[in-house]
Amino acid sequence: MKFHSLLVAALLGAGQLGVQAAPVLASFDDLPSLPAVTGATGLYYANGASLSYRNVIWDERFSVVGDAYRVAPPDGPLFGLPQSGHHFVTNVAAQFGGEFTNDHLFISTDQVLTEAWFGQNEYYGYGGGADEVTVHALHGLDVLASVSLALPDDVDGQPELLRRMDTSVFLSLSGITGYRIDRHERGSLSGNWVGDNFVFQPAQQVPEAPTGWLALLGLAAIGARRRMRS
């Protein structure tokens, strides 16, 4: 009985020895065809004519923007601030579902989004964009869970520092196939947001017991049988 208990404990320990894959950071600063820091372009073009970046498929309405981009140069305010590096993303309008909109941007992946950073942009110095974003974890089109983040306009006439959205609650979900980003538009033509540093965790997998552990356990079982017979 004692040996049996030790064997079970050892097997459980072996199963826990699997190495968890490192998180994946989508900072958008390593895209192959980045715009100048004073410019902006679609993620599709910044990524060498592909929407697949970091093993994630991004909605074609994601646009990559430099941290020196101004809506009305040279005197207009900066459009937005990155969380790191010199580039970030924003939502641009295009035809989607029969309407011209910058809402409901989709991300397709089975990886788990554990955090992202969002903030308000600035247009011409007279107001910012969306004051809230919500990220929905999806299975197909079904919503599994949602996390919202308020985007305050703290500095009048300037873009805002980004705030961290903690989406680690998504780690408890299974069957994730993607995400949808919704925004709350404060008024007409004020529905943009700034996003950066999306962190994805590869979906959890049941680790296999290492071969060495299995061999040792097999030898231990044989030795135990021999002792019991004697």
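Note: the structure precedes this text.
Residues numbered from 1 in each chain as written. Predicted model: local features only at pLDDT ≥ 70, side-chain atom pairs only at ≥ 80, totals over all residues. Heavy atoms only, no water.

Student: So what about the pairing of strand E11 (residues 132-139)? Which residues, and what values?
Tutor: Here E11 lies mainly inside the structure; 6 of its 8 residues are buried. In terms of strand pairing, E11 meets strand E12 (residues 142-150) through 8 bridges, oriented antiparallel. Paired with Leu 138 across the bridge in E12 is Val 143. Where E11 hands over to E12, the hairpin turn is made up of 2 residues, of which Gly 140 adopts a positive phi near 65 degrees. (Buried < 20%, exposed > 50% of the residue type's maximum accessible area, 1.4 Å probe, protein only. Helix = DSSP H or I, 4+ residues; strand = E, 2+ residues; numbered from the N terminus. Pairing = 2+ DSSP bridges.)

Student: Go over the pattern of salt bridges with me, naming the residues and quoting the values.
Tutor: The tally for this structure, following the rule as stated, stands at 7 salt bridges. One salt bridge in this structure joins Arg 183 and Asp 103, with 3.6 Å as the shortest N-O distance. Placement of the pair is Arg 183 in strand E14 (residues 178-184) and Asp 103 in the loop between strand E8 (99-101) and strand E9 (105-108), with a sequence separation of 80 residues. The exposure class assigned to Arg 183 is buried, which follows from its relative accessible area of 16%. Of the charged contacts, one joins Glu 115 and Arg 164 as a salt bridge, the two residues approaching to 3.3 Å between their closest N and O atoms. With Glu 115 in strand E10 (residues 112-119) and Arg 164 in strand E13 (residues 163-166), the pair connects residues that are 49 residues apart, well separated along the chain. Residue Glu 115 is classed as buried on the basis of its relative accessible area of 18%. Looking at Arg 164, the relative accessible area reads 40%, which means it is partly exposed. (Salt bridge = Lys/Arg side-chain N within 4 Å of Asp/Glu carboxyl O.)

Student: So what's going on with the layout of surface pockets? Which residues, and what values?
Tutor: By volume, the second largest pocket amounts to about 170 Å³. Taken together, Ala 40, Ser 63, Val 65, Tyr 69, Val 71, Phe 79, Thr 90, Val 92, Tyr 123, Tyr 124 and Asn 192 make up the full set of residues lining the second largest pocket. The residue makeup of the lining of the second largest pocket, split by class, is 8 nonpolar, 3 polar and no charged. (1 Å grid on protein atoms, 1.4 Å probe; cavity = no way out; pocket = protein on both sides within 12 Å on 5 of 7 lines; lining within 4 Å. Points joined across faces, edges and corners; volume = space filled by probe spheres on them. Nonpolar A, V, L, I, M, F, W, Y, C, P; charged D, E, K, R; others polar.)

Student: An account of the packing of aromatic side chains is needed here, citing residue identities and associated values.
Tutor: Under the criterion given, the structure shown has 15 aromatic pairs. Judged by centre distance (6.3 Å) and plane angle (40 degrees), the rings of Tyr 53 and Trp 58 are tilted. Taking the relative accessible area as the measure of exposure, Trp 58 reaches 1% and is therefore buried. Here Trp 58 and Phe 198 contribute two aromatic rings whose centre-to-centre distance is 5.4 Å and whose plane-to-plane angle is 90 degrees, an arrangement assigned as edge-to-face. Taken together, the positions of Trp 58 in strand E4 (residues 56-58) and Phe 198 in strand E15 (residues 194-201) put the pair 140 residues apart, joining distant regions of the chain. Grouping aromatic residues by their ring pairs yields a cluster made of Phe 28, Tyr 53, Trp 58, Phe 62, Phe 118, Trp 193, Phe 198 and Phe 200. (Phe/Tyr/Trp six-rings, centres within 6.5 Å; stacked < 30°, edge-to-face > 60°.)

Student: Please set out unusual backbone geometry residue by residue, giving values where relevant.
Tutor: Cis peptide bonds are those with omega within 30 degrees of zero, and the linkage from Pro 73 to Pro 74 qualifies with 0 degrees. Mapped onto the elements of the fold, Pro 74 is located in the loop between strand E5 (62-66) and strand E6 (87-91). Despite not being glycine, Arg 54 has its phi angle at roughly 60 degrees, a positive value. Mapped onto the fold, Arg 54 is located in the loop between strand E3 (52-53) and E4. At Asn 55, a residue that is not glycine, the phi angle is positive and equals roughly 60 degrees. With respect to the helices, strands and loops of the structure, Asn 55 is situated in the loop between E3 and E4. Residue classification places Asn 55 among the exposed positions, given a relative accessible area of 69%.

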